[in-house]
Each structure stands twice: as C-alpha cells, then as structure tokens.
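The primary structure of each chain is shown beneath.
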Amino acid sequence: MEEKIRHVAIIMDGNGRWAKKQGLPRTAGHRQGVENVRNIAIAANDLGLEVLTVFAFSTENWKRPEEEVGYLMKLPSVFFKRFLKELMEKNIRITMIGEMEQIPKETAKVLQAAIEDTRGNTGMTLNFAMNYGGRREIVLAAQQYAQDVAAGKAPLQIEEAQFGQYLMTSAFPPLDLLIRTSGEYRISNFLLWDLAYAELMFVDEAWPELTPERFQECLQRFQKRERRFGGLK
Ligand code: IPE
Ligand code: IPE
Ligand code: MG
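Residues numbered from 1 in each chain as written. Chains lettered and ligands numbered in written order. Predicted model: local features only at pLDDT ≥ 70, side-chain atom pairs only at ≥ 80, totals over all residues. Heavy atoms only, no water.

1. Some remarks on the site of ligand 2
Keep this limit in mind: We call a residue near a given molecule or strand whenever any one of its heavy atoms falls within 4 Å of it. Pairing of N or O atoms within 3.5 Å defines a polar contact, subject to two protein rules: one partner must be a possible hydrogen donor and the other a possible acceptor, and residues neighboring in sequence count only if both atoms are side-chain atoms. Note that accessible areas follow from Shrake-Rupley with a 1.4 Å probe, and for residues the cover is restricted to the protein chains shown. Detection works on a 1 Å grid of protein atoms alone, calling trapped sets that fit a 1.4 Å probe cavities and calling open sets with protein on both sides within 12 Å along at least five of seven lines pockets, with lining residues defined by an atom within 4 Å of a point. Placement in a cavity or pocket follows one criterion, namely that more than half of the molecule's atoms lie within 2 Å of its grid points. Each helix is a run of H or I in the DSSP string that is no shorter than four residues. Each strand is a run of E no shorter than two, and both are numbered from the N terminus. Any residue that is not Ala, Val, Leu, Ile, Met, Phe, Trp, Tyr, Cys, Pro, Asp, Glu, Lys or Arg is counted as polar, Gly included; the first ten are nonpolar and the last four charged.
Taken together, the residues surrounding ligand 2 are Ile 11, Met 12, Asp 13, Phe 55, Ala 56, Phe 57, Asn 61, Arg 64, Arg 180, Arg 186 and Ser 188. In this structure, Arg 64 approaches ligand 2 through a side-chain N or O atom, which is 3.2 Å from an oxygen atom. Here ligand 2 has 390 Å² of accessible area as a free molecule, and 78% of this is covered by the chains. In a pocket analysis with a 2 Å cut-off to the grid points, ligand 2 is assigned to the largest pocket. When residues of the shell around ligand 2 are assigned to their parent elements, the largest contribution, three residues, is made by strand S2 (residues 51-58). By residue class, the composition of the shell around ligand 2 is five nonpolar, two polar and four charged.

2. As for the pattern of salt bridges
So the rule is basically this: Salt bridge, as used here, is a side-chain nitrogen of Lys or Arg placed within 4 Å of a carboxyl oxygen of Asp or Glu. Only protein chains enter the area calculation, which uses a 1.4 Å probe; residues under 20% of their type maximum are buried, those over 50% are exposed, and those in between are partly exposed.
One pass over the full model with this rule turns up 21 salt bridges. Here Lys 90 and Asp 46 are joined by a salt bridge, their closest N and O atoms 3.6 Å apart. Linking Lys 90 in the loop between helix H3 (66-89) and strand S3 (93-97) with Asp 46 in helix H2 (residues 26-46), this pair joins segments that are 44 residues apart in sequence. Lys 85 is the salt-bridge partner of Glu 89, the closest N and O atoms lying 3.5 Å from each other. With a gap of four residues between them, Glu 89 and Lys 85 both fall in helix H3, about one helical turn apart. In terms of burial, Glu 89 and Lys 85 fall into one category: exposed.

3. Quick word on the pairing of S3
The two faces of a sheet get side chains in turn, since along a regular strand they alternate between them. What counts is decided by this rule: Strands were regarded as paired on the criterion that DSSP finds at least two bridges between them. Consider the strands pointing away from the viewer: the crossover is right-handed when the path from the first strand over the helix to the second runs clockwise.
Buried residues dominate S3, accounting for four of its five residues. Looking at chain direction, S3 and strand S4 (residues 125-132) are connected through five bridges and run parallel. By the bridge assignment, Ile 94 is partnered in S4 with Leu 126. Chirality of the crossover, the property in question, places the unit of S3, helix H4 (residues 105-117) and S4 among those that are left-handed.

4. Focus on the site of ligand 1
Around ligand 1, a shell composed of Met 12, Asp 13, Gly 14, Asn 15, Gly 16, Arg 17, Arg 26, His 30, Ala 56, Asn 61, Arg 64 and Leu 72 is seen. Asp 13 is positioned with one of its side-chain polar atoms (N or O) 2.8 Å from an oxygen atom of ligand 1. Between ligand 1 and the protein, one listed contact pairs an oxygen atom with a backbone N or O atom of Gly 14 at 3.4 Å. In isolation ligand 1 has 380 Å² of accessible area, and contact with the protein removes 87% of it. For ligand 1, the cavity whose grid points lie within 2 Å of the majority of its atoms is the largest pocket. Sorting the residues of the shell around ligand 1 by element identifies helix H1 (15-21) and H2 as the ones contributing at least two each.

5. Overview of the environment of Ala 9
Inclusion rule: Only heavy atoms enter the contact rule, under which two residues are in contact if any of them lie within 4.5 Å.
Note that Ala 9 resides in strand S1 (residues 7-11). By relative accessible area, Ala 9 is classed as buried at 0%. Sequence spacing of Ala 9 and Glu 184 is 175 residues, and the spatial spacing of their C-alpha atoms is 15 Å. In this view, Ala 9 contacts Thr 53, Leu 175, Leu 177, Leu 178, Ile 179, Phe 190 and Leu 191; residues no more than four positions away in its chain are not counted.

Pasting the structure below:
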C-alpha cells in the first residue's frame, strides 16, 4: 500500500558551485535558488504535501565571508516581495524554525510579517530553517525541559514523545523524506532528531537546477521504499 507522504525536508545545497559553473559570482546562485524555492514549494503544495521544510541558513553558515552572509540575509525580503501574493493565493502558510535573535532586524521583520500574514492559511506549510542547527535545537529543548523540571512543571521520567514536544518541529507531522541536492552525502546538522527514521535521498543536481519534475520523481521513489521502523513487514 502506498504510504501518504506528509513532510519533506530539503537541504538546498550547491548554489555556489552552480553559479561558478556558469561563470557567475556565488551570490547569483543564491539568487537563482530563491526562484527555485518558489517553484518547488508550488509543486509540493500541488502534490498535496502538508509540510515542506527547507534549509535556508545553518548555524554554521555564519562562518562564511561577511559579504555572503549579508547577501543571504537579504533573500527573505527578495523572496516575499516577489512571491508572498502568490503564496497567499495558493493558501500556503509560512513558518520558521531556528533562532530569530541573531538574524538582522530587517530580515527578522520580513520573516515575522510573512508568518503573520499567512497564519490563517490552510494549505501546505512552507517551513524555513533559518539560523537553524540540529544540535542547537536539542540543546535549547534540553534547557527548556530542565527549567520545567526545576519548576515542578515536568516529571524527570519522560518518554521520547514528551521530549519531542520541546523541539522546534513539534507541531509538524513526522519527517518522511529528506532530499539533499548537489551530490553531497551528509546531514550538515539538519533536523537531527527528526531524521531518526526519515528516508534519505541524495540527488546530483544543484539546488537552482532541481526541477519540479525531478522533485516529483523523488516522491515517487519514496513510495517504493519499504519503511520498517525496526520491525518486520
Ligand atoms: C546552499 O548553497 C545555500 C546555503 C548553504 C546558504 P551553497 O552556498 O552551500 O553552495 P555550494 O555548496 O558552496 O556550492
Ligand atoms: C547546508 O549546506 C546548509 C544549507 C543548505 C542552508 P552547507 O553548504 O552549509 O553544508 P556543508 O558546509 O557542505 O556541510
Ligand atoms: Mg554547500
């Protein structure tokens, strides 16, 4: 039986290499990547996904040259200026995981506005991982849990599902599939907790050149996988 696919995450990698291949600066790759967030999000929504989580900026990406970081931080504004109207028409809801605090004020404002404007939308959720790190997420969850224990609001003995409530992804359906573009075989500190039993797929295309057709093909390949979750089928 075909399993319904609810939540897909993408590590949108390879913007810089894609640009270099065209003889363009790395930033041109990021700019083209923004267009593709729109294309793949619209496709995912049309295919009936509940959540598409996209890795836009990691806690490690601050190590990049200031100029590139500055450019990346301007992209939410570019994205929403260009596409918010269309996302609204498609009933897509915007959410974010990651820490807002270190994000430049102007960028945070744009993100917050998009989240606010689309809060009531009931179509797919397009979830941006911005200033997100999987280990950081778990540390923050542990801190919050420790505080709740200290305050007598949570018991010391808890189950995995209860700890999961402290994570940034707690409101979303379980992660079904992770796709990483650009032929790199690693997780790069993305969604560590949620990846415990997600299916993994690595494709050679750079993010700016991943087409909706190829994306759909990934979902079809997922349908052929047998998920056993440690049991027998
Ligand atoms: C992904 O593309 C975008 C971000 C990580 C922000 P890269 O910028 O990592 O591109 P490559 O991997 O250097 O080609
Ligand atoms: C992962 O890509 C982060 C994002 C796509 C936002 P990176 O390009 O930063 O990952 P590494 O450095 O190759 O592990
Ligand atoms: Mg990269």
